[in-house]
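A closer look at the structure
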Amino acid sequence: GGVGGETKGEDDGDGETKGADAAATARGQIITQAVNGVGGVGKTDTVVECVHRCRDLFEETGVFWVTAETTAMLEEGFRHLAVVDMGFDHLAEEKDIAVIRVEVFKVLRQRTGWLLVYDNADNPDVVQGWLPPSDASGGCFVMTSRASKESFRRAGVTVAGSPIELDSLGQE
């Protein structure tokens, strides 16, 4: 069996959730998806399974996975992206994480067909300032989190779209 589960989409106010990805792409926006649920419900496993099933979409540019539990983990993940995944060897000893973040986002602006995953982004304050820029419209951004969309909104972090809320994992 694979990963399954009950999901409930949250309406973003316009009553429409289908076709949102196509509309976002047509407007040149990043396709964004949040996967929310309590701890242990299978958010990470669900995203891993989706990435596996859709790997052909991202094979040219890649899937970039960053653990976003803490600021230190997010920064280390970006350092890894810059040096290992994107080949910026000169950034290995860079002390200013803002320089690394700028370089990573520059690559995302220039490329298409990428997927950036922030796993365990449970604290909205941690990801504030770290969301892909809106002009990096050639890829997709997924975030797993225990926090609600409302928690992110209250912290001043805008996450587009309606989150997928995992209630429980089912068995196939």
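The residue count restarts for each chain, going from 1 along the sequence in the order it is written. Since the coordinates come from a predicted model, pLDDT governs what is reported: local features require at least 70, and pairs of side-chain atoms require 80 or more to be given and counted, while whole-chain, interface and lining totals use all residues. Where side-chain values are given, they derive from all heavy atoms of the structure, hydrogens and water being excluded.

1. Points about unusual backbone geometry
Using the following cut-off: For the exposure calls, accessible area comes from a 1.4 Å probe over protein chains only, and a residue counts as buried if that area is under 20% of its type's maximum, exposed if over 50%, partly exposed in between.
Within the chain, Asn120 stands out as a residue other than glycine whose phi angle is a positive 60°. Taking the relative accessible area as the measure of exposure, Asn120 reaches 22% and is therefore partly exposed.

2. Section: the nonpolar core
Inclusion rule: Among buried residues, those of type Ala, Val, Leu, Ile, Met, Phe, Trp, Tyr and Cys that are joined through side-chain atoms within 4.5 Å constitute a nonpolar core. Numbering of helices and strands runs from the N terminus, with a helix taken as a DSSP run of H or I at least four residues long and a strand as a DSSP run of E at least two residues long.
Formed by 30 residues in total, the largest nonpolar core has its most connected members in Leu74, Phe78, Leu108, Leu116, Tyr118 and Val127. Sorting the residues of this core by element identifies strand 3 (62-67), helix 4 (71-85), helix 5 (97-110), strand 4 (114-119), helix 6 (124-127) and strand 5 (139-145) as the ones contributing at least two each. A per-element tally of this core places helix 5 first, with six residues. Among the nonpolar cores identified, the runner-up in size contains ten residues, and Val35, Phe58, Cys140 and Val142 belong to it.

3. Here's the deal with the environment of Val41
Relative to the assigned elements, Val41 resides in the loop between strand 2 (31-36) and helix 2 (43-53). Taking the C-alpha atoms as reference points, Val41 and Asp167, 126 residues apart in sequence, are found 6.9 Å from one another.

4. Observations regarding the environment of Glu150
What counts is decided by this rule: What qualifies as a polar contact is a pair of N or O atoms within 3.5 Å, subject to a donor-acceptor requirement within protein and to the restriction that residues adjacent in sequence count only when both atoms come from side chains.
With respect to the element layout, Glu150 can be found in helix 7 (residues 149-154). A distance of 2.4 Å separates the side chain of Glu150 from the side chain of Arg153, its partner in a polar contact.

5. Quick notes on the packing of aromatic side chains
Where we set the bar: Only the six-membered ring of Trp is used, alongside the rings of Phe and Tyr, when aromatic pairs are assigned; centres must lie within 6.5 Å, and planes under 30 degrees apart are stacked while those over 60 apart are edge-to-face, with the rest tilted.
Summed over the entire model, instances satisfying the criterion amount to four aromatic pairs. Aromatic side chains Phe78 and Phe105 sit 5.5 Å apart centroid to centroid with 85° between the ring planes, which places their arrangement in the edge-to-face category. Remark: Phe105 occurs in helix 5 and Phe78 occurs in helix 4; sequence separation between them is 27 residues. The same class applies to Phe78 and to Phe105, which are both buried. Relative to Trp130, the ring of Phe78 has its centre 4.7 Å away and its plane inclined at 75°; by these criteria the two rings are edge-to-face.

6. Regarding the pattern of salt bridges
Selection rule: When a carboxyl oxygen of Asp or Glu lies within 4 Å of a side-chain nitrogen of Lys or Arg, that pair is called a salt bridge.
For the coordinates displayed, the defined rule picks out six salt bridges. Taking the shortest distance from any N to any O, the salt bridge between Glu103 and Lys106 comes out at 3.3 Å. Of this pair, Glu103 and Lys106 both sit in helix 5, separated by three residues, roughly a single helical turn. For Arg109, the salt bridge goes to Asp135, with nearest N and O atoms at 2.8 Å. Pair noted here: Arg109 is in helix 5 and Asp135 is in the loop between helix 6 and strand 5, with a separation of 26 residues, a long-range link.

Nothing here speaks to function; it is all geometry.
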